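# Chains, contacts and geometry: an overview
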Amino acid sequence: MMSKVYNGCFIYCALIFFMSRILCLTCQRPQKACICAFTTNINNDIHVVILQHPSEVSQTKGTVALLAKSLQSCQVIVGENLDGDALLTEVMAQYQAILLYPSEQAETISQNLLLELAERQKSSENEEVNTRPLCLVILDGTWKKAYRMFMLSKTLQQLPQVCLPESLANAGQYRIRKVAKKNALSSLEASCYALALLEAGSDFANITPEQAGKYQPLLNKFQEFNQFQLSFRPEQSNTSRKSDDS
Ligand SMILES: [Zn+2]
């Protein structure tokens, strides 16, 4: 009787192990963690460059894959100190980059700031520079790692730095990773809100945590994605999250 139970357990475990090894052909993740059902297709006007800390690459809970698969114009560059990185250098030559990062000198995205950025670009004497399209650069990592990436890179420090208005910065739904600080949005949420504001034009004032223009479908999918992720760990409640890693 007991050996039958053991056999059953063994076959079950082997099956789970085998299933976990089969990768989805589209997102290249184990089928159990396939994100394809949560992706959307958004034609973003502003190109997005995600600078991902190497330790985030293996983060299966990371949201960057979902973001990158949902935006039509998005690229991911992995590294800690990205000064001199060939891909980033290419981005700098091709775009007028702004960095979404709440540094001390970061300016809150506002309609005035958008006008200012447009003016700054126009006033450049170099015609080649002032026709470059905007691109949004974001850092993907824990707070400590994003800080480190920022401090290590002169290139990043020299970019105009912007942050989200409070009403959006504190709207995070992220419940998977350890987040306990204010302004602790996931990379996906922060990018969606920043893009919605930067592309809003006269609709700027209408962008809210629940109405982020064409990015709202992705934010909704992200909420479903979070619930899907949580379903894998019923034994852990939100209250057990630590606050020291973000
Ligand atoms: Zn998939």
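Residues numbered from 1 in each chain as written. Predicted model: local features only at pLDDT ≥ 70, side-chain atom pairs only at ≥ 80, totals over all residues. Heavy atoms only, no water.

What follows deals with the overall build of the chain. Secondary structure assignment for the chain yields eleven helices and six strands. Per-residue burial over the chain gives 41% buried out of 246 residues. Looking at the chain as shown, the accessible area adds up to about 13,600 Å², and 54% of this sits on carbon and sulfur atoms. (Helix = DSSP H or I, 4+ residues; strand = E, 2+ residues; numbered from the N terminus. Buried < 20%, exposed > 50% of the residue type's maximum accessible area, 1.4 Å probe, protein only. Areas by Shrake-Rupley, 256 points an atom, 1.4 Å probe, with all protein chains shown as cover.)

The next subject is the environment of leucine 136. Mapped onto the fold, leucine 136 is located in strand E5 (residues 134-140). The class of leucine 136 is buried, set by a relative accessible area of 0%. Linking leucine 136 and histidine 47, residues 89 residues apart in sequence, is a C-alpha distance of 6.3 Å. Those residues in contact with leucine 136, other than ones at most four positions away along the chain, are Ile46, His47, Val48, Val49, Ile98, Leu100, Ser191, Ala194, Leu195 and Leu198. (Contact = heavy atoms within 4.5 Å.)

It is worth spelling out the coordination of the zinc ion at this point. Here the zinc ion is held by Cys24 (SG), Cys27 (SG), Cys34 (SG) and Cys36 (SG), and the distances to it run 2.3 to 2.4 Å. In this structure, the zinc ion is surrounded by four donor atoms whose angles at the metal cover 103 to 114°, and the resulting shape is tetrahedral. One chain supplies every donor to the zinc ion, and in sequence these donors are spaced C-x2-C-x6-C-x1-C. With a relative accessible area of 9%, cysteine 27 lands in the buried category. (Donors = N, O, S within 2.8 Å, 3.2 Å for Na, K, Ca; no water. Tetrahedral: all angles 85-135°; square planar, octahedral: opposite > 155°, others 65-115°.)

Attention shifts here to the nonpolar core. In this structure, Leu100, Ile109, Leu136 and Leu164 are the most contacted members of the largest nonpolar core, which totals 46 residues. Core analysis: the second largest hydrophobic core is formed by 19 residues, Ile77, Ala97, Tyr101 and Val137 among them. (Core = buried A, V, L, I, M, F, W, Y, C linked by side-chain atoms within 4.5 Å.)

What follows deals with the side chain of serine 186. Mapped onto the secondary structure, serine 186 falls in the loop between helix H9 (166-169) and helix H10 (187-198). Taking the relative accessible area as the measure of exposure, serine 186 reaches 3% and is therefore buried. Here glutamate 189 takes part through its side chain, which lies 2.9 Å from a polar atom of the side chain of serine 186. (Polar contact = N/O pair within 3.5 Å; in protein donor to acceptor, adjacent residues only side chain to side chain.)

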